[in-house]
Structure formats: C-alpha cells, structure tokens
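# Understanding the architecture of this molecule
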Amino acid sequence: MRVLVVGGGGREHAIAEACARHGHEVLCTPGNPGMAALARQLDSPQDPGSLAALAVREGADLVLVGPEAYLSAGLVDACRERGVLAFGPTRAAARLESDKAWSKAFMARHGIPTAAYRAFSKLSEAVAYAQGQSLPVVVKDAGLRAGKGVTVAQSHAEAEAALRDIFSQPGAQAVIEEFMTGQEVSVLALTDGERYALTPPSQDHKTIGEGDTGPMTGGMGVVCPFPLGEAELAFIRREIIERTLAGLRAEGLPFCGVLYAGLMLTPQGPRVVEFNVRFGDPEAEAVLPLLASDLAQHASDAAQGQLDPAQVHFRDGASAVVILAAPGYPASPQLGIPLSLPDPGPGEAVYHAGTALMGGRLVSAGGRVLAVTATAPTLEAALGRAYALADRVEFPGAQLRRDLGFRLGLATPVGLRPGAATR
Ligand code: GLY
C-alpha cells in the first residue's frame, strides 16, 4: 500500500516506521527529519480539504492520521468524501476528545464509569462551584490543549487561577471533576467501530518532574506493558471499551480508528479519566515497536469496517520510552539547540518528536524533542536499554525523568549516570 501519514511528531514517526517495516511505501505530511529517512515528505496544507486532495493527488491507498487537531477539523470526513480510505474517527466522533463536556455527558448517558463532574460555560459559576469542592479538585479545559489543559488544584486559589486561564479563551468551557486516586493506565483499542483489538496497556508519566511533580506535559515517558489483572481487563473491555463503541454506534457516530481510554485504577475499579481519539504520544512509541502484525493492513481493514482482531499480534516482551524535552519545557521550550543522535541497535529507536534541520544541522524545534525507545524481554531491561540509549544522545540542557516505572516499584536502572542526558 501507499500510506500517507499525517503529522510530524514522535507518534507519527513510530506509525511511519510500523508501516515501512511491513514493506509499505510511506509518504508523510509534514513529517520530520527522522521520518524523512523512511518516508517521502510532502508539503503540508493545513485544512482538511487540501490535505485530502493531496492524498488523492499522491495516489494514497490509506491515510493514517496522528494528531487530534486534524481529526477534530474533519480530515477523515474530507478523505471519505473524496473516496480515500482513512483510519481515524469522523469530526463528529472525534468530539469524544475535542469536547470534554460532551464526552462526560456521553459517558453519563451510557453508564461508562468516570469521575463525578459538572461542566461550565461561565467563569463566575465555575469558580463558585469549585470553591465548594473538597481538595484536590480537577479542573479541565473542555477543548483541546495538547495534554496540558488539566490542573489538579491543591487549593481553591489554584482552581480559580486555572479557571481564569481557561476562560481567557473566547467560547471556552470548563469541566470540574472529583479527584480520583490510583494508578493511571492507557488502554488503546484499534477498532472499526464494532470489532476491536487492544494494544498492550501502558503507563505514561505526565508531569515534568520526577515523583509526579511540576506542571503537566504531553507525556514524559512510557512503560509497557502495564500489568493489569484479568478481572480488571475484562471489566475495562466490557464496561468501558465495548460500552463506548456501542454508545457511539447508537448515537449514529460509529468510531473507526484508535480509541484511547485514559483510565484511573481507583479502589472502586477502573474509571475513565478521559478519552482520546488517536494513538497516545508517547504511548505509540512504546506500543508500536511491539506490534508484530501489519498496522497499515489493520488500519485499512478497519477503515473498510472489516477489522479482524484475531490478526492483530503483539510480541511478548516490554518496551520503554524516555522523552528528552527541551530546557524550559513545558512553559517556554528553548528551540534551535544542536542535537547529535546515536545509531540505535536492534530493538531500539530514537523517534523525532520536535526536531528540524537548520543549515543542515539537526536542532530542537519543539517542547518534547526526542522519544528514545527500547524493547527487551522485561520492563526493567527495556528501561535500562532506553536510558542507556538516551545517555548517548547529545542534547545540551535536555530534561528527562529518571524515575519511569516508579509506580510499578521499578528501581531506577543500574548504570544510569546521575545527570546523564542533562548536560
Ligand atoms: N500521552 C498522552 C496523550 O497522548 O494524550
């Protein structure tokens, strides 16, 4: 197949690699310098109609969409209108991620377990409600904020500041939720709207600081698989994934693509923290290296309403992703820092998340810059390999978390030099 991958981050680099390793011809738009080694890079129009027209012009058999912004802008609808197969939800179904107030109401309508909440479109009412809540309280921007629209407020003043920030945008809405305790886990389902296959569960690390401190980011590293028990997994399948797919079908919004359930394993059982409508980033960089079967084939089958979950196979073993972020991230990442990358060995990869070529030199061009990934028979070994590879990256001032996997009781891998990759 000729596959067009839309996006230019670490997730799209991993998607492009997963397609290329099964012999598909890969095109990418806008892509990134890392993807250029395995995909032909195309200039990137922004609007869905022009992107779909590009897919037609280039003779793409399949469009794989990475970032949520393209999905909620209607790229899949535009592709379908032009007769191009696209793997991802329609604009209407993408609302599950792009409108958190709608998403929470959807969960309530279909009895999908999630935190109690209220949605607001007026600052004064939201602040008054937040003042009456016990702490900590969760304040979310209902719109897309690249994973940074959530504040776990430890004081009412912090909740008010978060709400003021949200309502500084015209037409904003906020969701205020009860705080849930437990481990977070990302469960991703490849689906044609009815049938689905789960990827191995994984765990992201969302704050910039070790021990889950500091501001939220798009995700600083992933361990995979996360050890879910059989009963927990059965509950997640039945009460969350299947209920959601059935609910979407019942509302006339059949969902093709990746349904990403961000879950909290509370003492009362798994609860949805949020839904996303695409591969997680950096979850994709952890999960896709473990996929033994052919992503492009599954995506094409799903886009035609014919996914066969029995054909979806993951290798045994584990993977770990260490994000190297720019100094100043998430508030004001420093761009233009020269990078020098090691050659990855088998089972290793350095995915480009935010890089550019400047005068022929590879430099940082975003907040999260590189996703350093390794697979191994065990999670401890995967972490050890990923940190050792990260240690060979030259990236002055890079920020990384050295405590990935700490919630699973995994010690910082032996051999990691204190201060490695932060120079
Ligand atoms: N890793 C979090 C996300 O993709 O939204």
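One structure accompanies this document, and this report is about it. (Residues numbered from 1 in each chain as written. Predicted model: local features only at pLDDT ≥ 70, side-chain atom pairs only at ≥ 80, totals over all residues. Heavy atoms only, no water.)

Counting its secondary structure elements, the chain contains twelve helices and 22 strands. At 20 Å, the chain has a C-alpha radius of gyration in line with the 22 Å of a compact globule built from 423 residues. If you line up the chain on its principal axes, its C-alpha atoms span 55 × 55 × 45 Å. Evaluated residue by residue, the chain yields a buried proportion of 57% over its 423 residues. Across the chain, the fraction of contacts at a sequence separation of at least 24, relative to all contacts at a separation of at least 6, is 66%. Accessible surface computed for the chain: about 15,900 Å², of which carbon and sulfur atoms make up 51%. Separation between the mean location of the 36 positive side-chain charges and that of the 44 negative ones in the chain comes to 2 Å. (Helix = DSSP H or I, 4+ residues; strand = E, 2+ residues; numbered from the N terminus. Rg over C-alpha atoms; globule rule 2.2 N^0.38 Å. Buried < 20%, exposed > 50% of the residue type's maximum accessible area, 1.4 Å probe, protein only. Contact = heavy atoms within 4.5 Å. Areas by Shrake-Rupley, 256 points an atom, 1.4 Å probe, with all protein chains shown as cover. Lys, Arg positive; Asp, Glu negative; His and termini not counted. Charge placed at Lys NZ, Arg CZ, Asp CG, Glu CD.)

Residues in close proximity to the ligand include D204, K206, G218, Y260, N276, R278, G280, D281, P282 and E283, which together make up its full environment. In this structure, D204 approaches the ligand through a side-chain N or O atom, which is 2.7 Å from a nitrogen atom. Alone, the ligand offers 200 Å² of accessible surface; in the complex the protein occludes 92% of this. Looking at the shell around the ligand, its residues break down into two nonpolar, three polar and five charged. (Near = heavy atom within 4 Å. Polar contact = N/O pair within 3.5 Å; in protein donor to acceptor, adjacent residues only side chain to side chain. Nonpolar A, V, L, I, M, F, W, Y, C, P; charged D, E, K, R; others polar.)

Looking now at the packing of aromatic side chains. A complete count under the given rule lists two aromatic pairs for this structure. Centre to centre, the rings of W102 and F106 are 5.6 Å apart; their planes meet at 20 degrees, and the pair counts as stacked. On the criterion of helical spacing, the pair formed by W102 and F106 is a turn pair, its members being four residues apart in helix α6 (residues 100–109). Take W102 and F106: they sit in the same class, and that class is buried. Considering the side-chain rings of F120 and Y129, the 5.1 Å spacing of their centres and the 45 degrees angle between planes classify their relative orientation as tilted. Its relative accessible area of 3% is what places F120 among the buried residues. (Phe/Tyr/Trp six-rings, centres within 6.5 Å; stacked < 30°, edge-to-face > 60°.)

A separate point is the pairing of strand β21 (residues 361–364). In this structure, strand β20 (residues 355–358) lies alongside β21, joined through four bridges in antiparallel fashion. Along β21, the bridge assignment pairs M358 with R361. Two successive antiparallel strands, β20 and β21, enclose a turn made up of two residues, where G359 displays a positive phi of approximately 60 degrees. (Pairing = 2+ DSSP bridges.)

Our focus in this paragraph is the nonpolar core. Membership of the largest hydrophobic core comes to 47 residues, with the highest contact counts inside it found for V63, I241 and F275. Top contributing element to this core by residue count: helix α9 (residues 230–250), with five residues. Residue contacts for V63: discarding those within four places in its chain leaves L4, V6, A55, C79, V84, L85, A86 and F87. Within the second largest apolar cluster, 44 residues are counted, among which are I15, I208, C256 and L295. (Core = buried A, V, L, I, M, F, W, Y, C linked by side-chain atoms within 4.5 Å.)

In spatial order, the strands read β12-β15-β18-β22-β19; together these five strands make up an open sheet with antiparallel pairing. At either end of the open sheet lies a strand with only one pairing partner, and these are β12 (203–204) and β19 (348–352). The pairing of strand β18 (residues 318–325) with strand β22 (residues 368–376) spans eight bridges and is classified as antiparallel. Bridged to I323 within β22 is A371. Where helix α12 (residues 379–391) meets the sheet, its contacts fall on β15 (221–224), β18, β19 and β22, and the angle it forms with β22 comes to roughly 140 degrees. (Axes fitted to C-alpha atoms, helices over the stretch in contact; angles between N-to-C directions.)

The strand order β3-β2-β1-β4-β5 describes an open sheet built from five strands, whose pairing is parallel. Only two strands of the sheet have a single partner each, and these edge strands are β3 (40–41) and β5 (86–87). With six bridges connecting them, strand β1 (residues 2–7) and strand β2 (residues 25–30) associate as parallel partners. Residue pairing in the sheet places L4 in a bridge with L27 of β2. Across the face of the sheet, helix α1 (residues 10–20) comes into contact with β1, β2 and β4 (62–65) while running at roughly 170 degrees to β1. Sitting on the sheet, helix α11 (residues 295–303) is in contact with β1, β4 and β5, with an inclination near 100 degrees to β4.

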